[in-house]
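Breakdown of the fold
Here is how the chains run, residue by residue.
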Amino acid sequence: MSCSTESRIETPDAQLSSDPPPASKKNAHASEPPDTGEPAMHAVQNNRLQQVMQQINSLVYAQLSSEISLGQERQIKTEEIARIAGELAASEKSMIETMPSLNLKPNEEATFIALAEKLRLSAVQMETLARQHQLQGIPETLDNITNTCTSCHVLFRKSRSLLEKCRDPRYTC
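Residues numbered from 1 in each chain as written. Predicted model: local features only at pLDDT ≥ 70, side-chain atom pairs only at ≥ 80, totals over all residues. Heavy atoms only, no water.

1. Considering helix 6 (residues 106–131)
This is how it is decided: A run of H or I in DSSP becomes a helix once it reaches four residues, and a run of E becomes a strand once it reaches two; helices and strands are each numbered from the N terminus. One less than the residue count of a helix, multiplied by 1.5 Å, gives the span that helix is expected to have. Exposure is judged per residue with a 1.4 Å probe applied to protein chains only, and the accessible area is read against the type maximum: over 50% gives exposed, under 20% gives buried, and values in between give partly exposed.
Compared with the 38 Å implied by 1.5 Å per residue over 26 residues, the 37 Å span of helix 6 between its first and last C-alpha is a close match. Along helix 6, the residues classified as buried are Phe 112, Leu 115, Ala 116, Leu 119, Ser 122, Ala 123, Met 126, Glu 127, Leu 129 and Ala 130. Backbone geometry just after helix 6 places His 133 at a positive phi near 55°.

Put into structure tokens, the structure is as follows:
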């Protein structure tokens, strides 16, 4: 109710709608969080939440950084594997060139050539796997290469005398 000289009665609703709300108060309340009446508790929860978020950020960015570093290292090692496998594949020719110094029988020559070719093919396969970043296939291919080398050495190095081996510049005593 308002006091006036007129005999008119205003309802509280009429008073509210006729008075325009101050713009500055309305805007100030829109950008601030609602007052819960417990600012100290909110501050404690806010600090804890910030700590948790910092921990999460630390873990996520540390993990990401590690993965990037590992990815770069993996790239470098993969390129090195491919390069070395390519060199190994190219060494078939020099292996075949050593045959005359081994004094092999015709059937031994065929075996030697077959093992050299098997080594070359396995090395080419390893190079391809590395270039295509198919790292899961490399251990099996490496086993094939190792087994081929071992077979050749067992078959053809043991038949040479120690003196012959030591005279050969390609052999390490």
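2. Structural notes on the confidence of the model for the protein
Our working definition: Each residue carries a pLDDT value, the predictor's own confidence for that position, ranging from 0 to 100. Contact between two residues is taken to exist if any of their heavy atoms lie within 4.5 Å; hydrogens are not considered.
For the protein, mean pLDDT is 77; residues scoring 70 or higher make up 65% of the total. Confidence scores differ between elements of the protein, with helix 1 (residues 12–18) showing the lowest mean pLDDT of 48 and helix 6 the highest of 95. Low pLDDT (under 50) marks residues 1–12, which in the prediction has 6 contacts with non-local residues, meaning those over four places away or in another chain.

3. Side note on the state of the cysteines
This is how it is decided: Two cysteine sulfur atoms form a disulfide, by the criterion used here, when they sit within 2.5 Å.
One pass over the full model with this rule turns up 0 disulfides. Here Cys 149 stays free of any disulfide, with the sulfur of Cys 152 as its closest cysteine sulfur at 7.7 Å. Residue class for Cys 149 comes out partly exposed when judged on its relative accessible area of 26%. Take Cys 152: its relative accessible area is 14%, and that puts it in the buried class.

4. Notes on the packing of aromatic side chains
Applicable threshold: When the centres of two rings from Phe, Tyr and Trp lie within 6.5 Å, Trp using its six-membered ring, the rings pair. Their planes under 30 degrees apart give stacked, over 60 give edge-to-face, and anything left gives tilted.
Throughout the structure, instances matching the rule amount to 1 aromatic pair. An angle of 75° between the planes, with centres 5.3 Å apart, marks the rings of Phe 112 and Phe 156 as edge-to-face. Residue Phe 112 is found in helix 6, and its partner Phe 156 is found in helix 7 (residues 138–156); the two are separated by 44 residues along the sequence. What makes Phe 112 buried here is its relative accessible area of 5%.

5. A few points about the side chain of Thr 78
For Thr 78, the position within the fold is in helix 3 (residues 39–90). Ignoring anything within four residues of it in the chain, the contact list for Thr 78 reads Ala 130, His 133 and Leu 135.

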